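# Notes for the structure review
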Amino acid sequence: MKQRYLGLLAGVCTFTVSLLMWWHGGIIPWDQHRLSVLLDQPQTAGTITHIPQLMVSALKDHQTDRATIHEEPETANTITRIHGPKHLMVSAFKDHRRNGAIRVISIIKRQDLQELYCVLCVHNNARTKGDGALSQCVSSKAQVEIHRDHFGFPYGTSDVFCTSPSIKATHVSISTHSNAIESLKYLPIHNKEMKESFKYSFTVCISNLFGEYNNALQFVQTMEVYKLIGIQRVVIYNSSCGPDVEKVLKHYSKEGTMEVVPWPIDKFLKPSHGWQPAQSPGDLHYYGQLTTLNECIYRYMYQSRYLLLNDIDEIIMPYKHKSLGDLMDTLQKQHPASGVFNIENHIFPKTQFDDSGRFSRPEWKSVPGLNILEHIYREPDRKNVMNPTKMIIDPRRVEQTSVHTMLKHFGPAIKVPFDVCHIIHVRVPLQGHLHKDQLYEDKKLWEFEEKLIPNINHALNESGLLLKSAT
């Protein structure tokens, strides 16, 4: 009996000492979490329908310095490794169309997909950047949806869905373990509120720059054309670019027209330079083009009324309307239930030049890149070949996109007639055997000459790309 009494007394003393150590921060953070679960687990734990969850209790005032959200600076945190496996997470958004589920845009290794868990947390001070205290966390089983367009590459763009009705989460992380709270890196959750008015009417999403891209002249000309037809914002994902394009990016960012999103995908995977694994092997299609396009949709879902999804060398041009605004007003009245408008791509071969030399301007000779105003000849349609399309979309009516078509959307997709709107795409020819007299003359860009030329020169000058003698 005496031995039992002494054993019980020793146990009580050990527990008391442990509590005192915990109070003063002597226990490692994970032990603190385990203890808080045992002591304070709320009765609402397990209320998420059909999803197992572990509730991590609210940390009291004296505990808030023990559990922190490790959030890297925004410019460096565009790609984050998922704890445990080889998957990556990019950004997180509340999707009000799916009952408030959190959609984490991710890159998943398709053949190595195992059970994943979401860890949703409330930040004590959600407005602050950097490390901050967690006040409450919930772990639940994730639902993973790999997009069907991955072109056979090992990694594919994916949505990881997280749900928790018990807390209003501000941050989320993905893990292979339901209880790995402290070691995770967390993404802030965006789009927490729906909006019906937007900062921008038209925004262009340009998927990515890579390979030291330095076509500065065509880039500036395209930007200035877009501004004249109603574009207010351009979003571009930058893996790498040449020194002259870097100057242009800085100019438009300073002007407020452009958001440059760092995209260091080559630091995490071996990206392909193309879209076919046999011809351009790698881990992921075209430097993650599908991931960035989908990310841009959610990034600007409540910032822009419409988004244009196209490449840096493409211009979606209205031919029967003065602006994109007039075009979309007409199309939306004709198709009120639609939020996806497919625009045909047409090639203007860079090997064929205007004979007059009207836009062969001396001040542009020293600027690297194509002069798109010199290339006014359009290839004809190919027999039995459909022209690929790019898109103008209402982002609130779409869920997933591929390069040329929308994968998931609400309402019908509309193919816009060629004579109403099509893409001006100056590039290498697809039908290089054709002579100039077999091509169609298309001088649409020349209609903007009066405002376009001085605007181009201003942008080049502000970017430091015009020689002093030319200015």
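Above: the structure in question.
Residue numbers restart at each chain and count upward from 1, following the sequence in its written direction. Only residues with pLDDT of 70 or above have their local features reported here, since the model is predicted, and side-chain atom pairs are shown and tallied only from 80 upward, although totals for entire chains, interfaces and linings are computed over all residues. No hydrogens and no water enter the side-chain calculation; it runs on all heavy atoms of the structure.

## Points about the packing of aromatic side chains
The line we're drawing: Two aromatic rings, drawn from Phe, Tyr or Trp (for Trp, its six-membered ring), form a pair once their centres lie within 6.5 Å of each other, and the interplanar angle then sorts them: stacked below 30 degrees, edge-to-face above 60, tilted otherwise. Helix numbering and strand numbering both begin at the N terminus, where a helix is a DSSP run of H or I of at least 4 residues and a strand a DSSP run of E of at least 2. Think of it in three bands: with a 1.4 Å probe and only protein chains considered, a residue is buried below 20% of the maximum accessible area for its type, exposed above 50%, and partly exposed in between.
By the definition in use, this model includes eight aromatic pairs. Between Phe210 and Tyr286, the aromatic rings sit 5.6 Å apart at their centres with planes inclined by 70 degrees, giving edge-to-face as the arrangement. In this pair, Phe210 sits in the loop between strand E12 (200–209) and helix H3 (216–228) while Tyr286 sits in the loop between strand E14 (258–262) and helix H5 (289–299), placing the two residues 76 residues apart along the sequence. Taking relative accessible area as the criterion, Phe210 reaches 18% and is therefore assigned buried. Exposure remark for Tyr286: the relative accessible area of 29% places this residue in the partly exposed category.

## Here's the deal with the pairing of strand E5 (residues 101–109)
One face of the sheet, then the other: side chains in a regular strand alternate in exactly this way. We count it as follows: Paired strands, as defined in this entry, are two strands with at least two bridges between them according to DSSP.
Along E5, nine of the nine residues are buried, which leaves the element largely enclosed by surrounding structure. Alternating positions in E5 separate into two faces, Ala101, Arg103, Ile105, Ile107 and Lys109 on one and Ile102, Val104, Ser106 and Ile108 on the other, with burial throughout. Sheet analysis places strand E4 (residues 88–95) next to E5, joined by seven bridges and oriented antiparallel. Pairing of Asp95 across the sheet is with Ala101, part of E5. Linking E4 to E5, which pair antiparallel, is a turn of five residues; within it Asn99 sits at a positive phi near 60 degrees. By the bridge criterion, eight bridges tie E5 to strand E9 (residues 155–162) in an arrangement that is antiparallel. Directly across from Ile107, in E9, lies its bridge partner Thr157.

## Quick word on the packing of H3 against helix H4 (residues 243–255)
Just so we agree on the cut-off: To define axes, lines are fitted to C-alpha atoms, for helices over the stretch in contact only, and angles between the resulting N-to-C directions are given on a 0 to 180 degree scale. Convention used here: angles under 35 degrees read as roughly parallel, angles over 145 as roughly antiparallel, angles from 65 to 115 as roughly perpendicular, and any remaining angle as oblique. Any two residues whose heavy atoms approach within 4.5 Å at even a single point are treated as in contact. When residue character is reported, Ala, Val, Leu, Ile, Met, Phe, Trp, Tyr, Cys and Pro are called nonpolar, Asp, Glu, Lys and Arg charged, and the others, Gly included, polar.
Direction vectors running N to C along H3 and H4 enclose 25 degrees, while the axes themselves pass 9 Å from each other. By the criterion of interaxial angle, the relationship of H3 to H4 is roughly parallel. Packed against H3, whose contacting residues are Ala216, Phe219, Val220, Met223, Glu224 and Lys227, the element H4 presents Asp244, Val245, Val248, Leu249, Tyr252 and Glu255 at the interface. Grouping the constituent residues of the contact of H3 with H4 by class yields eight nonpolar, no polar and four charged.

## A few points about the pattern of salt bridges
Rule in force here: One side-chain nitrogen of Lys or Arg within 4 Å of one carboxyl oxygen of Asp or Glu is enough to make a salt bridge.
For the coordinates displayed, the defined rule picks out 25 salt bridges. A salt bridge links Asp112 to Lys109, with the shortest nitrogen-to-oxygen separation between them at 3.4 Å. You can call Asp112 partly exposed: its relative accessible area is 37%. Looking at Lys109, the relative accessible area reads 19%, which means it is buried. Linked by salt bridges that have partners in common, Asp95, Arg97, Arg98, Arg103, Asp159 and Glu399 make up one network.

## Focus: the nonpolar core
Stated formally: Each nonpolar core is a collection of buried residues, namely Ala, Val, Leu, Ile, Met, Phe, Trp, Tyr and Cys, held together in the definition by side-chain atoms within 4.5 Å.
In terms of nonpolar packing, the biggest core is built from 62 residues, with Phe219, Leu308, Ile392 and Leu460 touching the most fellow members. Here this core gets seven residues from one element, more than from any other, and that element is H3. Ignoring sequence-local partners within four residues, the contact set of Ile392 consists of Tyr306, Leu307, Leu308, Ile316, Leu324, Leu327, Met328, Gly339, Val340, Phe341 and Ile343. Counting residues in hydrophobic clusters, the runner-up holds 32 residues, among them Ile79, Ile105, Tyr200 and Tyr300.

## Focus on the environment of Lys390
Selection criterion: Under this definition, polar contacts are N or O atom pairs within 3.5 Å; protein pairs additionally need one hydrogen-donor-capable and one acceptor-capable atom, and for neighbouring residues in sequence, both atoms have to be side-chain atoms.
As for its placement among the helices and strands, Lys390 is situated in strand E19 (residues 389–393). In this structure, the C-alpha to C-alpha distance between Lys390 and His422, residues 32 residues apart in sequence, is 9.3 Å. Of the polar contacts made by the side chain of Lys390, one reaches the side chain of Asp311; its length is 3.3 Å.

## Notes on the environment of His251
Considering the arrangement of structural elements, one finds His251 in helix H4. Between the C-alpha atom of His251 and that of Gly464, which follows or precedes it by 213 residues, the distance is 9.2 Å. Those residues in contact with His251 that sit more than four places away from it in its chain are Ala459, Glu462 and Ser463.

## Remarks on the side chain of Ser323
One can find Ser323 in the loop between strand E16 (314–318) and helix H6 (324–334). For Ser323, a relative accessible area of 19% translates into the label buried. A polar side-chain atom of Ser323 sits 3.2 Å from the main-chain amide nitrogen of Asp326. Contact partners of Ser323, with chain neighbours within four places excluded, come to Ile229 and Pro318.

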